[in-house]
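Below, each chain spelled out in residue letters.
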Amino acid sequence: MFHIYCPYCDEYREEEEFHPSGQAHLRRPADPANSTDDEWGGYLFFRDNERGVHHEMWLHAVGCRKFFNMTRNSATYEIYETYKMGERPSVTAENVGDLKRQSGVQAETSGWQTVGARPESESLNEEEQA
Amino acid sequence: MKRYSGFGLVKHAMSHHENWERQWRNPTPKKQYDVIIVGGGGHGLATAYYLAKEHGITNVAVIEKGWLGGGNTARNTTIVRSNYLWDEAAAMFEHSMKLWEGLSQDLNYNVMFSQRGVLNLGHTLQDMRDIQRRVNANRLNGVDGEVLDAKGVQDIVPILDCSKNARYPVMGASWQPRGGVARHDAVAWGFARAADAMGVDLLQNTEVTGFKIRDGRVYGVHTNRGDIEAKTVGCVAAGNSGVLAKMAGFKLPLESHPLQALVSEPLKPVLDTVVMSNHVHGYVSQSDKGDLVIGAGIDGYVGYGQRGSYTTVEHTLQAIVEMFPIFSRVRMNRQWGGVVDTCPDASPIISATPVKGMFFNCGWGTGGFKATPGSGHIFAATLAKNEAHPIAAPFSIDRFNTGALVDEHGAAGVAH
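No experiment lies behind these values; they were computed from the predicted model shown.

Chemist: Could you give an account of empty space enclosed by the protein, with specific residues and numbers?
Modeler: Residues and elements named next belong to chain B. Using the criterion set out here, one finds one cavity of 30 Å³ or more in the structure. His123, Asp161, Ala166, Tyr168, Val170, Val280, Glu322 and Met323 are the residues that line the largest cavity. Considered class by class, the residues forming the lining of the largest cavity number five nonpolar, one polar and two charged.

Chemist: Tell me about the interface of chain B and chain A, and name the residues and values.
Modeler: How big an interface is tends to be stated in terms of accessible area lost as the parts join. The partner chain A presents 29 residues to the 30 residues of chain B that form the contact. For the pair chain B and chain A, the summed buried area comes to about 2600 Å², and 51% of that belongs to carbon and sulfur atoms. The largest contributions to the chain B side of the interface with chain A come from Tyr301, Tyr304 and Arg307 of chain B, which together make up 27% of the buried area. Where chain B touches chain A, the interface holds two salt bridges.

Chemist: Help me get a handle on the pairing of strand β6 (residues 79-84) of chain A, residues and values and all.
Modeler: Residues and elements named next belong to chain A. For β6, the tally of buried residues reaches five of six residues, placing the bulk of the element in the interior. As paired elements, strand β5 (residues 67-73) and β6 share five bridges and run antiparallel to each other. Along β6, the bridge assignment pairs Thr71 with Glu81. Counted between consecutive antiparallel strands, the loop separating β5 from β6 contains five residues, among which Tyr77 sits at a positive phi close to 70 degrees.

Chemist: Before we move on, can you summarise the sheet that holds strand β3 (residues 19-23) of chain A with the specific residues and values?
Modeler: Note: strands within a sheet are paired through backbone hydrogen bonds, in either parallel or antiparallel orientation. Residue and element names in this part refer to chain A. Taken in spatial order, the four strands make up an open sheet running β3-β4-β5-β6, and their pairing is antiparallel. On the outer flanks of this sheet lie β3 and β6, each paired with one strand and no other. Across the sheet, the mean angle from the axis of one strand to that of its neighbour is 30 degrees, orientation sign disregarded. The sheet contact formed by β3 and strand β4 (residues 53-59) spans three bridges and is antiparallel. Across the sheet, the residue bridging to His19 is Leu59, located in β4.

Thresholds applied
- Numbers given for residues are sequential positions, taken from 1 along each chain in its written order.
- Here chains are named by letter from A upward and ligands by number from 1 upward, in the order in which they appear as written.
- It should be noted that, the model being predicted, local features are given only for residues of pLDDT at least 70 and side-chain atom pairs only at 80 or more, the latter also being counted only at that level, while totals for whole chains, interfaces and linings use all residues.
- Hydrogens and water molecules were not included; the side-chain quantities draw on all heavy atoms of the structure.
- In this analysis a 1.4 Å probe is tested at points of a 1 Å grid over the protein atoms alone, and where it fits but cannot get out there is a cavity; an open set with protein on both sides within 12 Å along at least five of seven lines is a pocket; lining residues have an atom within 4 Å of a point.
- Grid points are joined across faces, edges and corners, and a volume is the space filled by probe spheres set on the points.
- Residue type decides the class: Asp, Glu, Lys and Arg count as charged, Ala, Val, Leu, Ile, Met, Phe, Trp, Tyr, Cys and Pro as nonpolar, and the leftover types, Gly among them, as polar.
- Contacts were defined at the residue level, with two residues in contact if any of their heavy atoms lie within 4.5 Å.
- Values labelled buried area give the accessible surface lost by two parts on being combined, using a 1.4 Å probe and summing over both.
- Here, a salt bridge means any Lys or Arg side-chain nitrogen found within 4 Å of an Asp or Glu carboxyl oxygen.
- For every residue, the accessible area (1.4 Å probe, protein chains only) is compared with the maximum for its type, and the residue is labelled buried under 20%, exposed over 50%, or partly exposed between those bounds.
- Secondary structure elements follow DSSP: runs of H or I no shorter than four residues count as helices, runs of E no shorter than two count as strands, and numbering proceeds from the N terminus.
- DSSP-based pairing: two strands are paired if at least 2 bridges between them are found.
- Structural elements are reduced to axes, namely lines fitted to C-alpha atoms, with helices fitted over the stretch in contact, and the angle between N-to-C directions of any two is expressed from 0 to 180 degrees.

Below is the structure:
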């Protein structure tokens, strides 16, 4: 179960309110009428399907009804960040190693999916108390 | 390989079943093979078996990073049917169904294939129209099928709630009597044992870490147990196909999703067929052991975690209890997830790739188990002849650029 921070509502909400909508930052061919079959097929069907850091679009379906983006690890299911449409991700596959863990996200070390905002990681709870 | 028989069973009973021979060897990798198959699940093992049996190519290695049949082969709901709408898909799944019907004898291994019939329920007028269209298409393609009304369904499954009071009343169903279930582990083990007996090397705990590619041609793989060479490489890695494609330097039109299933505590026999409903989205059968085997939908996000969301479990059980109020107090024993590689058109990819000598068999999504023998059979022919088998040809990767999709979404009663 994900606990997802909606950047528009400015709140954490449960996964049930959201709908995943596939890979983010896809670029539609600028001139569809003159694009090749490869370009158009690539845009419609071919995906990175990344095992690891994955940028994806979500819809806050029963909330604000807005699309936003999320950076998430598709193997551990850790959510690194959510950000508004039009913004660029601050976490990428290149810089994920030196990421300072944001409070309230699923921790990679917790082993199983954490339900709720408090990850089972002591360091994060300490940070919260300070 | 000693053949299994009733007589052998009695003989081994005399020695307290302590002297059965190992079902397959655990060989050291050779430096070179004619064909390498990446992925030791049902489809990969079936491919190796048919390569050896039909094409006489026995210098084959199956490379598996875990253990044989430990991925989706061991994680599905074991349903076998062939009532697909489009000619291309029906041809393939019916090809597979015919192999299923003789598989236990062919492999000398009891895969417990039980043709107990499969019902695909219709809950709306549109469902019923689609069912009629599909059954008619099936019959034209030589696939058995019948359209049943609510009473016909009730006669087959007395415990199904077919009353008008249901939230989504059952209006009828398509019925494929030749469909059924099989023992999933036995399928992998049977193919493994038969392939091994013909000289195929099954390399477990061996992970492919890269491909040796020169001038656009593959000539081997890197593994954690050293390099292995082969001029032909077939990748059958289900959810991890995209990871292999990335190593080889191209993309696939796939997304990997978690798909869950669950089983209940064992019950006395209560359900002797397979019931699937797309509309309320759940499917259920009862295993020989007595537990209800229940299938769920995929989680919509990309995930390689072999586990899914609790919400999906909840929605699935709502659907099951909606159909079978009698199950409302059954307790669930276990729940698990597999990683399925879904294609945009819900049909598989059996295809050559931009790298010469490298072939992919993937994209089976939520419905690959039923195709295990057929997929192995046509993929083996594709690898042996270096060109697509006629049944495999429409499932080329090119279709995503030409637009000739085999759009089986929903149309085939594909319960995802």
